[in-house]
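# Analysis of the macromolecular model
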Amino acid sequence: MLKKITAAFLVLIVSTLVLCTVVSANGVSLYTTYLYTCSSTLTISGTTATCLSKATGYYGETTKITISQTLQKKTSSGDWEYVDSWSETDDGYIGSATNYKYNLSNGTYRLKSVFTVYAGNNSETIEKCSFEKTVKKQ
């Protein structure tokens, strides 16, 4: 029983690390320089998706945050296909974007959020995906 709990805990940790990666000029890192926290949240109500992405940088350091959202649907082969996308830029150290997609078909969806965080001329890009949500029409 303890082995199963330990294995489940390790899967949860690895999944969390995979869902949020930082891409910089020097390669991939799990540490951020200009971003304090970020989130990518997908909510499904009936056949309507609410896509919410939030980012908070460091006061006095982060100067701008660009958020690119992509709603994706899982294919029968397990890949993710494009459904819709949006982009927004916020000056300062706080950024958020909320968008909606109506009349979704049956299937499994996720929100992929890409945050580009600036400190003057320097930047880093962070990608985070929401948990998967399912649409089932009655």
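Each remark here, short or long, concerns the structure printed above.
Every value quoted in this text rests on a predicted model; they were computed, and no experiment measured them.

## A short note on the nonpolar core
Among the nonpolar cores identified, the biggest contains 11 residues, and these are Tyr34, Leu35, Cys38, Ala55, Ile65, Ile67, Ala97, Phe115, Val117, Ala119 and Ile126. Broken down by secondary-structure element, the contributors of at least two residues to this core are strand S3 (35–45), strand S5 (64–74) and strand S8 (107–119). Apart from the residues lying within four places of it in its own chain, the contact partners of Ala97 are Cys51, Leu52, Ser53, Ile67, Gln69 and Glu88.

## Description of the environment of Thr66
Summarising the element assignment, Thr66 is placed in strand S5. Put simply, Thr66 and Tyr118 are 52 residues apart on the chain and 8.4 Å apart in space, counted from C-alpha to C-alpha. Once residues lying within four places of it in the same chain are set aside, the contact partners of Thr66 are Ser87, Glu88, Thr89, Val114, Phe115, Thr116 and Tyr118. Separated by 3.2 Å, the side chains of Thr66 and Thr89 make a polar contact.

## Some thoughts on the environment of Val135
Relative to the assigned elements, Val135 resides in strand S10 (residues 133–135). By relative accessible area, which is 1% here, Val135 ends up buried. Through-space distance from the C-alpha of Val135 to that of Ala49 is 9.2 Å; in sequence the pair is 86 residues apart. Contacts of Val135, omitting those with residues within four sequence positions, involve Ile44, Gly46, Thr47, Leu104, Ser105, Asn106, Gly107 and Tyr109.

## So, the pairing of S8
Burial analysis of S8 places 10 of its 13 residues in the buried class, the great majority of the element. Bridge count between S8 and strand S9 (residues 122–129): eight bridges; the pairing is antiparallel. Bridging across to S9, Val114 finds its partner in Glu127. From the end of S8 to the start of S9, which pair antiparallel, there are two residues, and Gly120 there has a positive phi angle of about 65°.

## A look at the sheet that holds strand S7 (residues 94–101)
Strand order in this open sheet of three strands is S3-S4-S7, and the pairing throughout is antiparallel. Because the sheet does not close on itself, it has two edges, and the strands there are S3 and S7. Strand after strand, the sheet turns through a mean of 5° between neighbouring axes, direction not considered. As defined by bridge partners, strand S4 (residues 48–57) adjoins S7 across eight bridges and the pair is classed as antiparallel. Residue pairing across strands places Thr56 opposite Ile94, the latter belonging to S7.

## A few points about the pairing of S4
Of the two faces of S4, only one is covered, namely that formed by Ala49, Cys51, Ser53, Ala55 and Gly57; the face formed by Thr48, Thr50, Leu52, Lys54 and Thr56 stays uncovered. Here S3 folds back onto S4, and the loop between the two strands holds two residues, one of which, Gly46, carries a positive phi near 65°.

About the criteria used
- Residues numbered from 1 in each chain as written.
- Predicted model: local features only at pLDDT ≥ 70, side-chain atom pairs only at ≥ 80, totals over all residues.
- Heavy atoms only, no water.
- Core = buried A, V, L, I, M, F, W, Y, C linked by side-chain atoms within 4.5 Å.
- Buried < 20%, exposed > 50% of the residue type's maximum accessible area, 1.4 Å probe, protein only.
- Helix = DSSP H or I, 4+ residues; strand = E, 2+ residues; numbered from the N terminus.
- Contact = heavy atoms within 4.5 Å.
- Polar contact = N/O pair within 3.5 Å; in protein donor to acceptor, adjacent residues only side chain to side chain.
- Pairing = 2+ DSSP bridges.
- Axes fitted to C-alpha atoms, helices over the stretch in contact; angles between N-to-C directions.

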